[in-house]
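# Coordinates in review
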Amino acid sequence: MLKPKLISQVLQQATTGGVKATILLNPEGSLLAFAAQSDRDARIYGAIASNIWTIYSKHCKPEVGPLSFLMLECEEGKVAISIVSTMILCLVARDDVELGILKAKSEALTRHLEEPLSRVAGY
C-alpha cells in the first residue's frame, strides 16, 4: 500500500535550498502528495504544472519520442516537471536557484519514487 504521508516526507527532503514546492500529481492533475508552504500553493502549482505538461506532451513530435522532462524559467521562479511512472512530479523554485540543482533534485526524486509508484500505477 502506498502511504501519502511517507511520500510527502520524501518530497519535503527536496524542498530545500530555494525549492518552494515539490508536488506529485496523477495524470489528470489531482494532488497525490506535496511539500509546500500551503495547500493553496500546492493546488495552484499543481494545476499549472498539469496543464503545461498536457499541452507540451500533446505537441511533442513522435520522431523525438515522448516528453519526459520539462524545465521552465518564469518571471518569479523556475519549474521542473517530469514523469515518475505514470505520475507527474513538479518542483517549483525561486529564480535564484540554478537549473542544474533543480534538475538534479528532480532526477533524484524520480529515481527514488519510480519503483514504488510503478507498483501502484495499475490501480
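What counts and how
Note on numbering: residues in each chain are counted from 1, in written sequence order. In view of the model being predicted, local features appear only for residues whose pLDDT reaches at least 70, and side-chain atom pairs are presented and counted only at 80 or more, with totals across whole chains, interfaces and linings using the full set of residues. To obtain the side-chain values, all non-hydrogen atoms of the structure were included, while hydrogens and water were left out. UniProt positions are given in the numbering used here, feature names are shortened, and annotations may be inferred rather than shown by experiment. Partly exposed describes any residue whose relative accessible area lies between the buried limit of under 20% and the exposed limit of over 50%, with all areas from a 1.4 Å probe on protein chains only and scaled to the type maximum. A run of H or I in DSSP becomes a helix once it reaches four residues, and a run of E becomes a strand once it reaches two; helices and strands are each numbered from the N terminus. A strand pair is defined by DSSP finding two or more bridges across the two strands. Note on aromatic pairs: the rings of Phe, Tyr and Trp (six-membered ring only in Trp) are paired at centre separations within 6.5 Å, and the planes decide the class, stacked below 30 degrees, edge-to-face beyond 60, tilted for the rest. Working rule: Lys NZ or Arg CZ, within 6 Å of ring centre, within 35 degrees of ring normal, means a charge sits over the ring.

As annotated in an unreviewed UniProt entry, the protein carries the name Ragulator complex protein lamtor2 and comes from Linnemannia gamsii. Of the protein, the UniProt comment under Sequence similarities (unreviewed entry) reads exactly: "Belongs to the GAMAD family."

## As for the pairing of strand β5 (residues 87-93)
In terms of residue burial, β5 counts as a mostly covered element, since 7 of its 7 residues are buried. Residue alternation in β5 divides its side chains into two sets, M87, L89, L91 and A93 and I88, C90 and V92, and both sets are buried. Relative to β5, strand β4 (residues 77-84) runs antiparallel, the two sharing 7 bridges. From the neighbouring strand, V79 faces β5, where its bridge partner is V92. In this antiparallel pair of consecutive strands, β4 and β5, the connection spans 2 residues, and S85 shows a positive phi of 60°.

## Brief notes about the pairing of β4
Burial analysis of β4 places 7 of its 8 residues in the buried class, the great majority of the element. Pairing of strand β3 (residues 69-74) with β4, which is carried by 6 bridges, proceeds in the antiparallel orientation. The residue bridging M71 from the neighbouring strand is A80, located in β4. Here β3 hands over to β4 after 2 residues, the two strands then running antiparallel side by side.

## Side note on the packing of aromatic side chains
Applying the stated criterion to the full structure yields 0 aromatic pairs. Above the face of the F69 ring, K103 is positioned so that its terminal group lies 5.6 Å from the ring centre.

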